[in-house]
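The primary structure of each chain is shown beneath.
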Amino acid sequence: MADNQEPAITEDFLSAALKTRLNATHVEVTDMSGGCGASFTSLIVSPDFVGKNSLKRHRLVNAALKEEIARIHAWSAKCQTPEEWQKERAATGGNDGPPMDGTNAEGKVEGVAQ
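Within each chain, residues carry numbers counting from 1 in the order of the written sequence. Local features in this predicted model are restricted to residues whose pLDDT is 70 or higher, and side-chain atom pairs enter the listing and the counts only when it is 80 or higher, whereas totals over whole chains, interfaces and linings include all residues. Working from all heavy atoms in the structure, the side-chain values ignore hydrogens and water.

Peer 1: Talk me through unusual backbone geometry; I want residue IDs and the actual numbers.
Peer 2: Positive phi values are uncommon outside glycine, yet asparagine 23 reaches one of about 55°. Tracing the backbone shows asparagine 23 in the loop between helix 1 (11-21) and strand 1 (26-31). Owing to a relative accessible area of 44%, asparagine 23 belongs among the partly exposed residues under this scheme. Helix and strand assignments follow DSSP, with helices taken as H or I runs no shorter than four residues and strands as E runs no shorter than two, numbered in order from the N terminus. Three exposure classes are used, based on accessible area relative to the maximum for each residue type with a 1.4 Å probe and protein chains only: buried under 20%, partly exposed in between, and exposed over 50%.

Below is the structure:
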């Protein structure tokens, strides 16, 4: 009996796929679902994004991960060119990714009573 099971979708799996499929020079993928592989957020830096607006960049990512995205519940991506990423790193002191811990831009946790 052949084993046709698809590989598990993990942070490492998605990072490797993005680096290969989009020529990404920097990738950060975070599993926001506590390790079950249902929800991911990411920062993707690729020269393939040069000259493309946000919508076209996201379409590239979605096409590159079409099969993987179909198997997960939620996916979000921040897409930057290497130049944009370097400028943002310089301006933010290296804190360049989207909020990865469930907080909003002001640092407040959303969706829970406080």
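There is more to say, and it comes next.
Peer 1: Can you lay out the sheet that holds strand 3 (residues 74-80) for me, pointing to particular residues and giving the numbers?
Peer 2: On the basis of which strands lie adjacent, the open sheet formed by three strands has the order 1-2-3 and mixed pairing. Edge strands, defined here as strands with exactly one partner in the open sheet, are strand 1 and strand 3. Shown here is a sheet whose adjacent strand axes are inclined to one another by a mean of 10°, direction ignored. In terms of strand pairing, strand 1 meets strand 2 (residues 39-45) through six bridges, oriented antiparallel. Across the sheet, the residue bridging to threonine 30 is threonine 41, located in strand 2. Sheet strands touched by helix 2 (residues 54-64): strand 2 and strand 3. Its angle to strand 3, the strand with the most contacts, is close to 130°. In what follows, residue pairs with any heavy atoms lying within 4.5 Å of each other are defined as contacts. Note on geometry: axes are lines fitted to C-alpha atoms, helical ones only across the stretch in contact, with angles between N-to-C directions running from 0 to 180 degrees. Each of strand 1, strand 2 and strand 3 touches helix 4 (residues 82-92); the most contacted strand, strand 3, lies at about 90° to it. Only strands that DSSP links by at least two bridges are regarded as paired with each other.

Peer 1: An account of helix 2 is needed here, citing residue identities and associated values.
Peer 2: Those residues of helix 2 not exposed but buried are Arg57, Val61 and Ala64. The buried residues of helix 2 occupy one face: seen down the axis, they fall within an arc of 65°. Relative to its buried face, helix 2 has exposed residues pointing more than 90 degrees away, namely Arg59 and Ala63. Lining the buried residues of helix 2 we find helix 1, strand 2, helix 3 (66-70), strand 3 and helix 4. As used in this structure description, the phrase polar contact means that two N or O atoms lie within 3.5 Å; if the pair is within protein, one of them must be able to donate a hydrogen and the other to accept it, and residues adjacent in sequence are counted only when both atoms belong to side chains. Measuring from the side-chain oxygen of the N-cap residue of helix 2 to the backbone nitrogen of leucine 55 gives 3.2 Å; that N-cap residue is asparagine 53. An arc is given here, and it is the one of the directions from the helix axis to the C-beta atoms.

Peer 1: Account for the nonpolar core, naming residues and giving values.
Peer 2: As used here, the term nonpolar core means buried Ala, Val, Leu, Ile, Met, Phe, Trp, Tyr and Cys residues forming a set that is joined through side-chain atoms within 4.5 Å. Leu18, Ile44, Val61 and Trp75 are the most contacted members of the largest nonpolar core, which totals 18 residues. Of all elements in the fold, only helix 1, strand 1, strand 2, helix 2 and strand 3 reach the threshold of two or more residues within this core. Those residues in contact with isoleucine 44 that sit more than four places away from it in its chain are Leu18, Leu22, Ala24, His26, Phe49, Val61, Trp75, Ala77, Lys78, Cys79 and Gln80.

Peer 1: Residue-level account of the side chain of histidine 26, with values.
Peer 2: Checked against the element boundaries, histidine 26 lands in strand 1. A polar side-chain atom of histidine 26 sits 2.8 Å from a polar atom in the side chain of glutamate 28. Apart from residues lying up to four places away in sequence, histidine 26 is in contact with Leu43, Ile44, Val45 and Trp85.

Peer 1: Quick rundown of the pattern of salt bridges? Include the residues and the values.
Peer 2: Salt-bridge detection follows one rule: a side-chain nitrogen of Lys or Arg within 4 Å of a carboxyl oxygen of Asp or Glu. Counted according to the given criterion, the structure contains four salt bridges. The partner of arginine 21 in a salt bridge is glutamate 68, with the nearest N and O atoms 3.1 Å apart. Residue arginine 21 is found in helix 1, and its partner glutamate 68 is found in helix 3; the two are separated by 47 residues along the sequence. The class of arginine 21 is partly exposed, set by a relative accessible area of 39%. Owing to a relative accessible area of 7%, glutamate 68 belongs among the buried residues under this scheme. One salt bridge connects lysine 87 with glutamate 83, and the closest N-O pair in it is separated by 3.4 Å. Of this pair, lysine 87 and glutamate 83 both sit in helix 4, four residues apart, which is roughly one turn of that helix. With respect to class, lysine 87 is no different from glutamate 83; both count as exposed.

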